[in-house]
Amino acid sequence: MRSEKFEISSFEQYSTGKVLWQDTQGHVQEYPMASPMAGALRIQGGIGALTQCITTEISAGNLLLGHVLQGLQIQGDNVRAEVQGPEGQLEILAKRVALAIAPRVAGTLAYRPALPDRTQRLLESTPTWMAGHAKFFALYEEPFWRDLGLCGTAMSQHGPLAESHDASSHTGDGASLFGFVGLDAKTRAQLGEPELIRMATEQLVGIFEEKARLSNEMFIKDWSTEPFTAPHMA
Ligand SMILES: Cc1cc2nc3c(=O)[nH]c(=O)nc-3n(C[C@H](O)[C@H](O)[C@H](O)COP(=O)(O)OP(=O)(O)OC[C@H]3O[C@@H](n4cnc5c(N)ncnc54)[C@H](O)[C@@H]3O)c2cc1C
């Protein structure tokens, strides 16, 4: 399937094979259902391919990467945007401003005049979907679980990963498993990344056998520490 506007291709999430279930004791058994990811589409090249396409529609002079919007001020019929860039403060005068950021992130900006109390409270209290979550990634030479008749999807009540899935790219160049970390942001911070990775590795070995240990690289992406996603937590 291809996105008509940007001609970006997508591919189906790998979902051929058994789904596994790991109970609180670590025992693993087949889960009698199809992968909940079956039929899901992923973008070739990842979501970055989409943002790359969008940036081609913006003239180079108007594309300010590494700049942080700090405040918005109404000036007559215009809006003045206060921006912090690598080379210092910048002001942009615009007829209109469209904010494409999460409401809670928008709530951290300085508005002049101040927003009505109710609007400000609404922005600050609107949860950002998934903002407190973290994902664990393990990269491999081969998708060895497929040879075991597994699709990579496993639900678990045993270790830090509540569920795992095949995250291999469409190219067949390398393979990957990813897992949603089921521990809350505070517990994750207390454990620290090396310990979390160690625990997740043991869990994957328990589910997918010893080859799961032979990863080229393992890492965790924790959105709760991202100030532009989860400003209330970071
Ligand atoms: C753990 C997790 C898993 C997810 N999984 C999926 C999934 O499997 N499938 C799916 O479809 N969606 C998923 N999502 C949701 C998806 O990531 C969001 O829906 C999507 O990113 C929203 O895009 P957006 O452009 O609206 O906002 P964002 O991606 O939040 O982009 C906003 C951008 O604005 C920037 N920004 C913020 N404040 C400022 C500022 N003051 N100045 C300058 N720049 C600023 C941010 O850095 C960011 O780059 C997931 C999200 C998380 C956190």
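Quick caveat, the model's predicted, so the values are computed rather than measured.

Turning our eyes to something else, we now look at the pairing of strand β5 (residues 68-75). Pairing between β5 and strand β6 (residues 78-85): seven bridges, direction antiparallel. Across the sheet, the residue bridging to G71 is E82, located in β6. Between β5 and β6, which pair antiparallel one after the other, the connecting turn spans two residues, and G76 there sits at a positive phi close to 60°. For β5 and strand β8 (residues 110-112), the ladder comprises three bridges, and the chain directions are parallel. Looking at β8, one finds that G71 is bridged to A110.

Before going further, it helps to examine the sheet that holds β5. Read across the open sheet, the four strands follow the order β7-β6-β5-β8; overall the sheet is mixed. The open sheet has two edge strands, β7 (88-94) and β8, and neither has a second partner. Neighbour-to-neighbour, the strand axes of this sheet turn through a mean angle of 20°, independent of strand direction. In terms of strand pairing, β6 meets β7 through seven bridges, oriented antiparallel. Directly across from A81, in β7, lies its bridge partner I92.

Taken together, 14 residues lie around the ligand, and L69, I101, M130, H133 and F228 are the ones closest in. Here the residues of the shell around the ligand are counted per class, giving eleven nonpolar, two polar and one charged. Per-domain counts for the shell around the ligand show at least three residues from each of domain 1 (12-43 + 129-225) and domain 2 (66-125).

Turning our attention to the nonpolar core. Looking at soluble globular proteins, one finds that nonpolar side chains tend to be buried together. If you look at the biggest cluster of nonpolar residues, it comprises 20 residues, and the most contacted ones within it are L20, L150, V181, A200, L204, I207 and F208. Looking at this core, the elements with two or more residues in it are β2 (18-22), β9 (134-140), β10 (150-156), β12 (175-181) and α6 (193-208). At five residues, the largest contribution of residues to this core is made by α6.

What follows concerns the pairing of β12. A regular strand places its side chains so that they alternate between the two faces of the sheet. Judged by which residues are buried, β12 turns out to be one-sided: A175, L177, G179 and V181 face inward and are buried, whereas S176, F178 and F180, on the alternate face, are not. Looking at chain direction, β9 and β12 are connected through six bridges and run antiparallel. Bridging across to β12, F136 finds its partner in G179. In this sheet, β12 lies alongside strand β11 (residues 161-166) in antiparallel orientation, the contact comprising five bridges. Looking at β12, one finds that H165 is bridged to F178.

Glancing now at the sheet that holds β2. Taken together, the seven strands give an open sheet; going across it, the order is β3-β2-β10-β11-β12-β9-β13, and neighbouring strands pair in mixed fashion. Of all strands in the sheet, those bounded by a partner on one side alone are β3 (28-31) and β13 (217-222). Recorded for the sheet is a direction-independent mean angle of 25° between the axes of neighbouring strands. Pairing of β2 with β10 involves four bridges; the strand directions are parallel. Residue pairing in the sheet places W21 in a bridge with M155 of β10. α6 contacts β2, β3, β9, β10, β11, β12 and β13 of the sheet and is inclined by roughly 120° relative to β13.

So, how was this worked out
- Each residue is numbered by its place in its chain's sequence as written, counting from 1.
- Where totals are concerned, whole chains, interfaces and linings use all residues; where local detail is concerned, this predicted model gives features only for residues with pLDDT of at least 70, and gives and counts side-chain atom pairs only at 80 or more.
- Two strands pair if DSSP finds at least two bridges between them.
- Under the scheme used here, helices are H or I runs from DSSP no shorter than 4 residues and strands are E runs no shorter than 2 residues, and both carry numbers assigned from the N terminus.
- All axes here are fitted lines through C-alpha atoms, helices being fitted over the stretch that makes contact, and every angle between N-to-C directions spans 0 to 180 degrees.
- In this text, near has one meaning. A residue is near a molecule or strand if its C-beta atom, placed using the backbone, is within 6 Å of it.
- Gly falls in the polar group here, along with every residue not listed as nonpolar (Ala, Val, Leu, Ile, Met, Phe, Trp, Tyr, Cys, Pro) or charged (Asp, Glu, Lys, Arg).
- Just so you know, the domain bounds were taken from an automatic or database domain assignment.
- We call a set of buried Ala, Val, Leu, Ile, Met, Phe, Trp, Tyr and Cys residues a nonpolar core when their C-beta atoms link them within 7 Å.
- Three exposure classes are used, based on other C-beta atoms lying within 10 Å of a residue's own C-beta, which is placed from the backbone: buried for 20 or more, exposed for 12 or fewer, and partly exposed in between.
- Residues are scored as being in contact if the C-beta atoms we place from backbone atoms lie within 7 Å.

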